[in-house]
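Letter by letter, the chains look like this.
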Amino acid sequence: MINPLNNYFSAEKQESVLFITLGLVAIGVSAWLWMNGHRLKSMAYPLVVIALMQMVVGVSIYLRTDHQVATLSAQLKREPAALKAQEIPRMQTVMKNFSIYKGVEMALLILGLGMLAFWARYDLAAGIGIGLVLQSALTLTLDIFAETRGSTYLSALHAMPS
């Protein structure tokens, strides 16, 4: 069980760095668009708002992961049944939350595509639409990978002897 635990949290920490990096890049692109007076500078609105969320999530996961792994690894050695009893409900909540996140991300993606389909001739709408499409598609993709990892980890927890 130590391998699924380490694999899951190691990948979560790696993805948190990716979230932080994407957030920083989005803010950098937004600053460039705005400073240069680009006609699609309105991309900055969704890029920055979603980037800030990505960075908060990324930093919080990055900072808590090592302590979480140490605590869970110690618990696995001392009280594997207690680990199973605590981690399964926690991971079930995490997995339910992915359904919510993916729904929001898909809605933003559809909204962005709709803005591009119907109002592309308006710079404000086109910029916001492009920003929504870029950020929601990237975040959705990363969350699908995270959900798959979570499912694998949850299956390993269920397979543990009680």
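Procedures and definitions
- Residues numbered from 1 in each chain as written.
- Predicted model: local features only at pLDDT ≥ 70, side-chain atom pairs only at ≥ 80, totals over all residues.
- Heavy atoms only, no water.
- Phe/Tyr/Trp six-rings, centres within 6.5 Å; stacked < 30°, edge-to-face > 60°.
- Helix = DSSP H or I, 4+ residues; strand = E, 2+ residues; numbered from the N terminus.
- Buried < 20%, exposed > 50% of the residue type's maximum accessible area, 1.4 Å probe, protein only.
- Lys NZ or Arg CZ within 6 Å of the ring centre and 35° of its normal.
- Salt bridge = Lys/Arg side-chain N within 4 Å of Asp/Glu carboxyl O.
- Core = buried A, V, L, I, M, F, W, Y, C linked by side-chain atoms within 4.5 Å.
- Contact = heavy atoms within 4.5 Å.
- Patch = residues over 30% accessible without salt bridge, like charges linked within 9 Å, V, L, I, M, F, W, Y side chains within 5 Å.
- Areas by Shrake-Rupley, 256 points an atom, 1.4 Å probe, with all protein chains shown as cover.

Caption draft 1: Local environment of the packing of aromatic side chains. Here the structure, examined in full by the defined rule, presents 5 aromatic pairs. Aromatic side chains Phe98 and Tyr101 sit 6.0 Å apart centroid to centroid with 90° between the ring planes, which places their arrangement in the edge-to-face category. With Phe98 and Tyr101 both in helix 3 (residues 80-119) and 3 residues apart, this pair spans about one turn of that helix. Under the relative-accessibility criterion, Phe98 is labelled buried at 7%. Lys41 extends its terminal NZ or CZ atom over the ring of Trp34, reaching a point 4.7 Å from the ring centre.

Caption draft 2: Focus on the pattern of salt bridges. Taken as a whole and assessed by the stated rule, the structure comprises 6 salt bridges. Its salt-bridge partner being Arg149, residue Glu15 comes within 3.0 Å of it at the nearest N-O pair. Here Arg149 lies in helix 4 (residues 123-159) and Glu15 lies in helix 1 (residues 2-35), a separation of 134 residues in the sequence.

Caption draft 3: Spotlight on the environment of Ile100. Within the secondary structure, Ile100 is located in helix 3. Counting along the chain gives 85 residues from Ile100 to Glu15, while the straight-line C-alpha distance between them is 19 Å.

Caption draft 4: Here's a closer look at the nonpolar core. Core analysis: the biggest nonpolar cluster contains 16 residues, and Phe9, Tyr153 and Leu157 have the highest contact counts within it. Within the residue set of this core, elements represented by two or more residues are helix 1, helix 2 (44-78), helix 3 and helix 4. In terms of residue count, the dominant contributor to this core is helix 3 (5 residues). Here Phe9 is in contact with Thr65, Gln68, Val69, Leu72, Glu87, Arg90 and Tyr153, once residues within four sequence places are set aside. Membership of the second largest hydrophobic core comes to 7 residues, among which are Ala26, Leu33, Leu47 and Ala126.

Caption draft 5: Broad picture of the environment of Arg64. Inspection of the secondary structure puts Arg64 in helix 2. Judged by its relative accessible area of 45%, Arg64 is partly exposed. Taking the C-alpha atoms as reference, Arg64 lies 9.1 Å from Lys13; in sequence the two are 51 residues apart.

Caption draft 6: Quick peek at the side chain of Glu147. Within the element layout of this structure, Glu147 appears in helix 4. On the basis of relative accessibility, which here comes to 17%, the residue Glu147 falls in the buried class. The residues touching Glu147, leaving out its near neighbours within four places in the chain, are Met95, Phe98 and Lys102.

Caption draft 7: Up close: a nonpolar patch on the surface. A contiguous nonpolar patch, built from Val17, Val59, Tyr62 and Leu63 and spanning about 360 Å² of accessible area, is present on the exposed surface. The dominant element in the nonpolar patch, judged by the number of residues it contributes, is helix 2, at 3 residues. By the secondary structure assignment, Leu63 is in helix 2. The class of Leu63 is exposed, set by a relative accessible area of 64%.

Caption draft 8: Structural detail: the side chain of Thr65. Topologically, Thr65 is positioned in helix 2. Given a relative accessible area of 3%, Thr65 falls into the buried group. Aside from chain neighbours lying at most four places away, what touches Thr65 is Phe9 and Lys13.

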